[in-house]
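# Coordinates in review
So the chains spell out like this:
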Amino acid sequence: MTEDPSFGKIFDGIATRKQMFELLNRIPDAPAEDIASGKAYANQWFEIRKSEFELMFDRLPPLFSRAGMFAMSELKAGTIGSVFFDIMINGRRRWFAGYCDLANRGSPDAMRTAIIEHEKAAVANLSRSDALDLIWERAHDDFRGLAGQFNPDAWPAEHHGKRTFLAY
């Protein structure tokens, strides 16, 4: 019996719709038999936006749907299929897409667990600077800006151009 490959994130950041389709349609650099069997895709995942999660749910009837996850009815290769996740991590809802071996009923739950562990560890190990960069990247444009950009008189000159966030 062969051991499942470890789970791996294949894209840093949150994939746009175009990037999501590129990732779903990509052909990995692997032997042809691994691509045909689906082994080259198994246990890989990436983060998407809520709108892409909902788009994929509306595309085809799901193969299965459970609380916080569903699988596309079309398989990628062999028994490997696309599974989409809606997961609460550190008090924030996030959405992910990944490839699971659907012949193994526990594969989607194992991937969900791996995603949560990876994302919690990634946030726990961030430096202050990296954490601020992550907040900046994920904050909506309405809640972030550069000091003095629109009203220079409201900010001391030494702070002009520094990143600012609106927090409640």
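Residues numbered from 1 in each chain as written. Predicted model: local features only at pLDDT ≥ 70, side-chain atom pairs only at ≥ 80, totals over all residues. Heavy atoms only, no water.

### Brief notes about the overall build of the protein chain
Helices and strands together make up the secondary structure of the protein chain, namely five helices and eight strands. Taken from N to C terminus, the helices and strands of the protein chain fall in the order β-α-α-β-α-β-β-β-β-α-α-β-β. Taking 2.2 N^0.38 as the reference for a compact globule, 168 residues should give roughly 15 Å; the C-alpha atoms of the protein chain span a radius of gyration of 20 Å, well beyond that estimate. A principal-axis box enclosing the C-alpha atoms of the protein chain has dimensions of 65 × 30 × 30 Å. Residues counted as buried form 33% of the 168 residues belonging to the protein chain. When the accessible area of the protein chain is evaluated, it comes to approximately 10,500 Å², of which 53% is carbon and sulfur surface. (Helix = DSSP H or I, 4+ residues; strand = E, 2+ residues; numbered from the N terminus. Rg over C-alpha atoms; globule rule 2.2 N^0.38 Å. Buried < 20%, exposed > 50% of the residue type's maximum accessible area, 1.4 Å probe, protein only. Areas by Shrake-Rupley, 256 points an atom, 1.4 Å probe, with all protein chains shown as cover.)

### Examining the sheet that holds strand S4 (residues 69–77)
The strand order across the open sheet built from six strands is S1-S2-S6-S5-S4-S3, with neighbouring strands paired in mixed fashion. At either end of the open sheet lies a strand with only one pairing partner, and these are strand S1 (8–15) and strand S3 (64–66). Between one strand axis and the next, the sheet turns by 25° as a mean value, whatever way the strands run. By the bridge criterion, three bridges tie S3 to S4 in an arrangement that is antiparallel. In the sheet register, Arg66 faces S4, and the bridge partner there is Met69. Its contacts with the sheet place helix H1 (residues 17–25) against S1, strand S2 (44–48), S4, strand S5 (80–89) and strand S6 (92–101), and it is angled at close to 160° to S1. Helix H3 (residues 50–59) rests against S2, S3, S4, S5 and S6 of the sheet, and its axis sits at about 65° to S4. (Pairing = 2+ DSSP bridges. Axes fitted to C-alpha atoms, helices over the stretch in contact; angles between N-to-C directions. Contact = heavy atoms within 4.5 Å.)

### Re the nonpolar core
Among the nonpolar cores identified, the biggest contains 20 residues, and Met20, Leu24, Phe46, Ile48, Met56 and Phe84 are the most heavily contacted of them. Of all the secondary structure elements, the ones that give two or more residues to this core are H1, S2, H3, S4, S5 and S6. When near neighbours in sequence (up to four residues on either side) are disregarded, Ile48 contacts Ile14, Ala15, Met20, Phe53, Phe84, Trp95, Phe96 and Ala97. By size, the runner-up hydrophobic cluster in this structure holds twelve residues, among which are Ala71, Ile87, Ile89 and Phe96. (Core = buried A, V, L, I, M, F, W, Y, C linked by side-chain atoms within 4.5 Å.)

### So, the side chain of Glu52
Positionally, Glu52 belongs in helix H3. Since its relative accessible area comes to 4%, Glu52 is described here as buried. Excluding residues that lie within four positions of it along the chain, Glu52 makes contacts with Arg17 and Met20.

### Comments concerning the environment of Ile135
Within the secondary structure, Ile135 is located in helix H5 (residues 128–138). Residue Ile135 is classed as partly exposed on the basis of its relative accessible area of 44%. C-alpha of Ile135 to C-alpha of Phe84: the two residues are 51 residues apart in sequence and 24 Å apart in space.

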